[in-house]
Amino acid sequence: MSSQTLKKFFDPNSIIPPILFMLFDYIGVVVAEHVAFFLRNRLDFWENAHYYYADPYIYIWVPLLFLIALRNSRSYDRMKPIVEIMRGIFVSVFYGWAASIILIYFLKAGNQTSRLFIILFGLAVLMGVCVIRYAVLKFMKCRQLFVEPVTVIGAGLTAERLLKFYREDLGYRYEIVGFIDDHPVSEILPAEYPILGGFCDAKKIIREKKTGTVIIAAPGISKEQLQDLINDIQPHVKNISFIPDLIGTPMAGVDAAVLFSEKILILNVRNNLASPYNKFIKRIFDLFCTVTGGILISPFLLIIAILVAFENRGKVIFAHRRVGKGGKHFSCYKFQTMVPNAEDKLEKYLAANPDAKREWEESFKLTNDPRVTKLGNFLRRTSLDELPQLFNVLKGEMSLVGPRPIIDEEIERYEENIREYYMVLPGITGMWQVSGRSDTTYPERVAMDTWYVRNWSIWIDLMYLFKTVKAVFTGKGAY
């Protein structure tokens, strides 16, 4: 058997990662079982009992149920966005947890039943598998382990955005071999990667480079040219991905159906926010996270409140009039970060500084705001000044994740996109806050808010909450 044939059947870049993921998932489940045993037995205040079940269930049968569930959700398949990976893990862990309950109870695997253990085990295995998978993906990404060579057809702005996503998302470990394009529009890509040739040379180039994955990032080409490209290169690669001319269309949760006899592809797009069930889930999610998170950080909130009160002579909370869902106004709470005569000081500062006036008129923010106190500057750069908005969430005026709350003067900036803003509650955090925040232009902010509303899902909320923690610690773009 030749080396090429052997590589075809045994490609370490595609075989080893799934095995590693399964191994670490197994470790995560077993560790979660022992953590749940430990916590259950230590938290047992009402009866002096020791809960356990037999070793074959701990080390074989229960982990096997979770591995089967994870495999069925395609958690070990090809590379995909980290949010999709985590969504698959959430669903798989739930099914594995339910199956393990049935196994333990009906086969009487344990010496006694325990609701507390079942709850602790479910939480521990979810946290364990997610944290371990994230750590493994982070390590592989940083070390560039098990990368997949990729050839990209198209070297325009779409390819730039695609490459930016692949670099930042932990779910992808792509090594770009080069780009194929007749007339590259991008000025960035040719400076970093080789332009291998034009569209007509695609088949020859891909055969020479022997890349198993090809991505067609040229949504502007004609249907006939796209079909010719796919027909030419498909026999020589394992995977072909292409970006259709649907950029900007809400595609989250899209379902695809193929009418084989007519060779027609149908895309079904759902309006997630039109579902009462989804609205209910989002509200419950907000309340649960706000209450539990608020309790955990309450000592920290108290310390900040005391420091703010000391600096501002007793004034702790500032309520600012903002526009909410349906165009209704509400008082948006923040820690007091400005001097008492803030408006007068702003007016004088803008009158004396034309550049600052232009910045204010463009974004309603100032890089160097003279109204902000020393402590307020720190709170703003870390976004800690927005923590009192948790009370807005409890009152139902805001959500944890959503479009940033705006003032009346900003409504006209949204133009026709204001209808999307009015559909949802504004959020403490969101796409804008974790994407550079004040470093972005106003039209970019509007585009981000609009995209979020059109593509909302609970998984996107989870992703942005996670990214918010990173943005707060780095302080990037906040002032």
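Owing to the predicted nature of the structure, the values given are computational and were not obtained by experimental measurement.

Enquirer: Is there a simple way to think about a nonpolar patch on the surface in this case?
Expert: A cluster of nonpolar side chains, contributed by Leu-23, Phe-24, Ile-27, Val-31, Val-35, Phe-38, Leu-39 and Leu-43, occupies part of the molecular surface with about 620 Å² of accessible area. Mapped onto the secondary structure, Val-31 falls in helix H2 (residues 12-42).

Enquirer: I would appreciate a short explanation of helix H11 (residues 342-352) in the present structure.
Expert: Since the α-helix advances by 3.6 residues per turn, residues separated by three or four positions end up pointing in the same direction. Of the positions making up H11, those classed as buried are Ala-342, Leu-346 and Leu-350. Down the axis of H11, the sector holding all buried residues measures 60°, keeping them to one side. Those residues of H11 that are exposed and angled more than 90 degrees off the buried face are Glu-347, Lys-348, Ala-351 and Ala-352.

Enquirer: Would you take a moment to explain the pairing of strand S4 (residues 213-216) for this structure?
Expert: Along any regular strand, the residues point their side chains to alternate faces of the sheet. Covered by surrounding structure in S4 are Thr-213 and Ile-215 together with Val-214 and Ile-216, the residues of both alternating faces. In this sheet, S4 lies alongside strand S1 (residues 148-153) in parallel orientation, the contact comprising 4 bridges. The partner of Val-152 across the bridge, within S4, is Ile-215. Handedness of the crossover is the feature at issue here: the chain leaves S4, passes through helix H9 (residues 223-233), returns alongside strand S5 (residues 239-242), and the resulting connection is right-handed.

Enquirer: Is there a simple way to think about helix H13 (residues 374-381) in this case?
Expert: Those residues of H13 that fall on the buried side of the exposure criterion are Leu-375, Gly-376, Leu-379 and Arg-380. The arc that holds every buried residue of H13, seen down its axis, measures 135°, which confines them to one face. The secondary structure elements touched by the buried residues of H13 are helix H10 (276-311) and strand S9 (329-335). N-capping of H13 is provided by Thr-373, with a side-chain oxygen placed 3.0 Å from the backbone N of Gly-376. Just beyond H13, the residue with positive phi is Ser-383, at close to 65°.

Enquirer: Whenever I open this one, the packing of aromatic side chains confuses me. Can you help?
Expert: The geometry of an aromatic ring pair is captured by two quantities: the separation of the ring centres and the angle between the planes. All chains considered together, the criterion is met by 16 aromatic pairs. Plain terms: the ring middles of Phe-94 and Tyr-95 are 5.8 Å apart, the flat faces sit at 70° to each other, and that makes the pair edge-to-face. Look at Phe-117 and Phe-121: their rings are 5.8 Å apart centre to centre, the planes differ by 0°, and that puts the pair in the stacked class. Taken together, the residues Phe-117 and Phe-121, both in helix H5 (residues 115-143) and 4 residues apart, mark about one turn of the helix. By relative accessible area, which is 0% here, Phe-117 ends up buried.

Enquirer: I'm lost on the sheet that holds strand S2 (residues 174-180) in this one. Help?
Expert: What links the strands of a sheet is backbone hydrogen bonding, and the strands pair in either a parallel or an antiparallel sense. Here we have 5 strands laid out as an open sheet, ordered S3-S2-S1-S4-S5, and parallel in their pairing. A strand with exactly one partner marks an edge of an open sheet, and here the two such strands are strand S3 (195-197) and S5. For this sheet the average axis-to-axis angle between neighbouring strands, irrespective of direction, equals 30°. Pairing geometry for S4 and S5, over 4 bridges, is parallel. Note that in S5 the partner of Ile-216 across the bridge is Phe-242.

Enquirer: Explain the environment of Leu-189 here, please?
Expert: With respect to the element layout, Leu-189 can be found in helix H7 (residues 189-192). According to the relative accessible area criterion, Leu-189 is buried, its value standing at 1%. Sequence spacing of Leu-189 and Pro-370 is 181 residues, and the spatial spacing of their C-alpha atoms is 41 Å. In contact with Leu-189, other than residues within four places in its own chain, are Ala-155, Gly-156, Ala-159, Glu-160, Leu-163 and Phe-179.

Enquirer: I would appreciate a short explanation of the confidence of the model for the protein in the present structure.
Expert: On average, residues of the protein score 85 in pLDDT, and 92% of them are at 70 or above. Element-level pLDDT for the protein is lowest in helix H1 (residues 3-9), with a mean of 47, against a maximum mean of 96 in helix H14 (residues 389-394). Of the regions scoring below 50 in pLDDT, residues 1-6 engages in 2 contacts with residues more than four places distant in sequence or in other chains.

Enquirer: Would you mind showing me how to read the environment of Ile-118 here?
Expert: Locating Ile-118 in the fold gives a position in helix H5. Residue Ile-118 is classed as buried on the basis of its relative accessible area, which comes to 8%. Put simply, Ile-118 and Ile-230 are 112 residues apart on the chain and 50 Å apart in space, counted from C-alpha to C-alpha. Ignoring anything within four residues of it in the chain, the contact list for Ile-118 reads Trp-97, Ile-101 and Tyr-105.

Enquirer: How should I be thinking about unusual backbone geometry in this particular structure?
Expert: Peptide bonds are mostly trans, and most non-glycine residues show a negative phi. A positive phi angle, close to 65°, is found at Arg-74, a residue other than glycine. By the element assignment, Arg-74 lies in the loop between helix H3 (55-72) and helix H4 (82-106). On the accessibility criterion, Arg-74 (52% relative accessible area) is exposed. Even without being glycine, Arg-313 reaches a positive phi, approximately 55°. Along the chain, Arg-313 falls in the loop between H10 and strand S8 (317-323). Arg-313 sits in the exposed class, given a relative accessible area of 83%.

Enquirer: Is there a simple way to explain the pattern of salt bridges in this structure?
Expert: Opposite charge on two side chains permits pairing when their charged atoms draw close. Taken as a whole and judged by the stated rule, the model has 12 salt bridges. Notably, a salt bridge pairs Glu-192 with Arg-167, separated by 2.5 Å at the nearest N-O pair. You can see Glu-192 sitting in helix H7 and its partner Arg-167 sitting in helix H6 (residues 157-168), a full 25 residues away along the chain. Residue Glu-192 is classed as partly exposed on the basis of its relative accessible area, which comes to 43%. In this structure, Glu-410 and Arg-404 form a salt bridge, with 2.6 Å as the shortest nitrogen-oxygen distance. For the pair Glu-410 and Arg-404, one class covers both residues: buried.

So, how was this worked out
Residues numbered from 1 in each chain as written. Predicted model: local features only at pLDDT ≥ 70, side-chain atom pairs only at ≥ 80, totals over all residues. Heavy atoms only, no water. Patch = residues over 30% accessible without salt bridge, like charges linked within 9 Å, V, L, I, M, F, W, Y side chains within 5 Å. Areas by Shrake-Rupley, 256 points an atom, 1.4 Å probe, with all protein chains shown as cover. Salt bridge = Lys/Arg side-chain N within 4 Å of Asp/Glu carboxyl O. Helix = DSSP H or I, 4+ residues; strand = E, 2+ residues; numbered from the N terminus. Buried < 20%, exposed > 50% of the residue type's maximum accessible area, 1.4 Å probe, protein only. Arc of directions from axis to C-beta. Pairing = 2+ DSSP bridges. Right-handed = clockwise from strand over helix to strand, strands pointing away. Contact = heavy atoms within 4.5 Å. Polar contact = N/O pair within 3.5 Å; in protein donor to acceptor, adjacent residues only side chain to side chain. Phe/Tyr/Trp six-rings, centres within 6.5 Å; stacked < 30°, edge-to-face > 60°. Axes fitted to C-alpha atoms, helices over the stretch in contact; angles between N-to-C directions. pLDDT = per-residue confidence, 0-100.

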